[in-house]
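In case you want the letters, here they are:
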Amino acid sequence: MSAASRVPQCSNRSRATAIGAVAAAAALTLSACGSGGTSGGGGDTNFVMGKDGISTAEQGKRAAAPDLSGKTVDGKQLDVASYKGKIVVLNVWGSWCAPCRAEAPNLEKVYQDLKAQGVQFVGINTRDTKTSSAAAFEKQQGVTFPSLYDPTGKLMLRFKKGTLNPQAIPSTLVLDREGKIAARSLAALSEDKLRKMIDPVLAEK
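For clarity, every value in this text was computed on a predicted model and none was experimentally measured.

Conventions adopted
- Residues numbered from 1 in each chain as written.
- Predicted model: local features only at pLDDT ≥ 70, side-chain atom pairs only at ≥ 80, totals over all residues.
- Heavy atoms only, no water.
- Salt bridge = Lys/Arg side-chain N within 4 Å of Asp/Glu carboxyl O.
- Helix = DSSP H or I, 4+ residues; strand = E, 2+ residues; numbered from the N terminus.
- Buried < 20%, exposed > 50% of the residue type's maximum accessible area, 1.4 Å probe, protein only.
- Core = buried A, V, L, I, M, F, W, Y, C linked by side-chain atoms within 4.5 Å.
- Contact = heavy atoms within 4.5 Å.
- Pairing = 2+ DSSP bridges.
- Axes fitted to C-alpha atoms, helices over the stretch in contact; angles between N-to-C directions.
- Left-handed = near helix turned anticlockwise from the far one by under 90°.
- Nonpolar A, V, L, I, M, F, W, Y, C, P; charged D, E, K, R; others polar.
- Polar contact = N/O pair within 3.5 Å; in protein donor to acceptor, adjacent residues only side chain to side chain.

**Description of the pattern of salt bridges**
Using the criterion set out here, one finds 7 salt bridges in the structure. Glu204 is the salt-bridge partner of Arg62, the closest N and O atoms lying 2.5 Å from each other. Linking Arg62 in the loop between strand E3 (55-56) and strand E4 (69-71) with Glu204 in the segment after helix H6 (191-202), this pair joins segments that are 142 residues apart in sequence. In this structure, the salt-bridge partner of Glu191 is Lys109, at a minimum N-O distance of 4.0 Å. Of this pair, Glu191 sits in helix H6 while Lys109 sits in helix H4 (residues 98-114), placing them 82 residues apart in sequence. Overall, Glu191 belongs to the partly exposed group, its relative accessible area being 26%. One connected set of salt bridges, linked through shared partners, spans Lys109, Asp113, Glu191 and Arg195.

**Observations regarding the nonpolar core**
Counting residues in each nonpolar core, the largest one holds 49 residues, and the members touching the most others are Val80, Leu90, Val119, Phe121, Val174, Leu194 and Ile198. Every element with two or more residues in this core is listed here: strand E6 (87-93), H4, strand E7 (119-126), helix H5 (131-141), strand E10 (171-175), strand E11 (181-185) and H6. With sequence-adjacent residues up to four places away left out, Val80 is seen in contact with Leu68, Val88, Leu90, Val122, Leu148 and Leu175.

**Here's the deal with the sheet that holds strand E8 (residues 147-150)**
Spatially, the 7 strands line up as an open sheet ordered E2-E3-E11-E10-E6-E7-E8, and their pairing is mixed. If you trace the sheet from one side to the other, it starts and ends with strand E2 (48-49) and E8, each paired once. Docked against the sheet, H4 engages E6, E7 and E10, running at close to 155° with respect to E7. The strands touched by H5 are E6, E7 and E8; relative to E6, the strand with the most contacts, the crossing angle is about 120°.

**Notes on the packing of H4 against H6**
Contact geometry of H4 with H6 gives a least axis separation of 9 Å together with a crossing angle of 35°. Pair H4 / H6 crosses with right-handed handedness. Counted together, Asn106, Leu107, Lys109, Val110, Asp113 and Leu114 of H4 and Glu191, Leu194, Arg195, Ile198 and Leu202 of H6 form the full contact between these two elements. For the contact of H4 with H6, the residue count by class is 6 nonpolar, 1 polar and 4 charged.

**Quick notes on the pairing of E8**
The pairing of E7 with E8 spans 4 bridges and is classified as parallel. The residue of E8 that forms the bridge with Gly123 is Ser147.

**Quick look at the side chain of Ser147**
Its location among the elements puts Ser147 in strand E8. Relative accessible area serves as the criterion here: at 2%, Ser147 is assigned to the buried category. Within polar-contact distance, the side chain of Ser147 engages the side chain of Glu138 at 3.4 Å. Non-local contacts of Ser147, meaning those with residues more than four positions away in its chain, are made with Thr72, Val73, Trp93, Gly123, Ile124 and Glu138.

**Some remarks on the environment of Asp74**
Along the chain, Asp74 turns up in the loop between E4 and strand E5 (77-79). Judged by relative accessible area, Asp74 falls into the exposed class, the value being 55%. Linking Asp74 and Leu148, residues 74 residues apart in sequence, is a C-alpha distance of 8.8 Å. At 2.3 Å, the side chain of Asp74 and the side chain of Thr72 are in polar contact.

In short, geometric facts, not functional conclusions.
This is the structure:
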């Protein structure tokens, strides 16, 4: 069975949406619109999964995030590396994904509360074949932070296996001030769970 055939889809529509640029899509092992996932990928792991489903890596044992740069949903250029020195919350989402809609207000609320403390949120929009669908989602949900447009999942393929890589839609990662991956969730997040991911990293010196 191929990797692509193992990926559950939200609907027939999302299967059709995913994707004409087949090489990247076939390589994805993301679980679409799942309520969670498993830590995976080959190689050694230096992280621990908590009972709440949030995986964390200690300072000194964290993998660096890959190059995450490109066009945003609104056509601007963005490089996540430009936020080094800030804590970055990365959220992988799609406009077609019901759990993504459920968690979007929580992400925006926490972003507004913490941005003055040096916390930057960045979305990675995937499997939307048109930016207009993603832009309509952002407008409807009141999301104000930027999102990279990654319809074929190329950005997510840059994460090394065996690290805290995104493996589901939605996924949320927290990068520390050095651009290293400190925490990951493979499920939609409540406001409280999101804060629980960010607060320990925010407290680090």
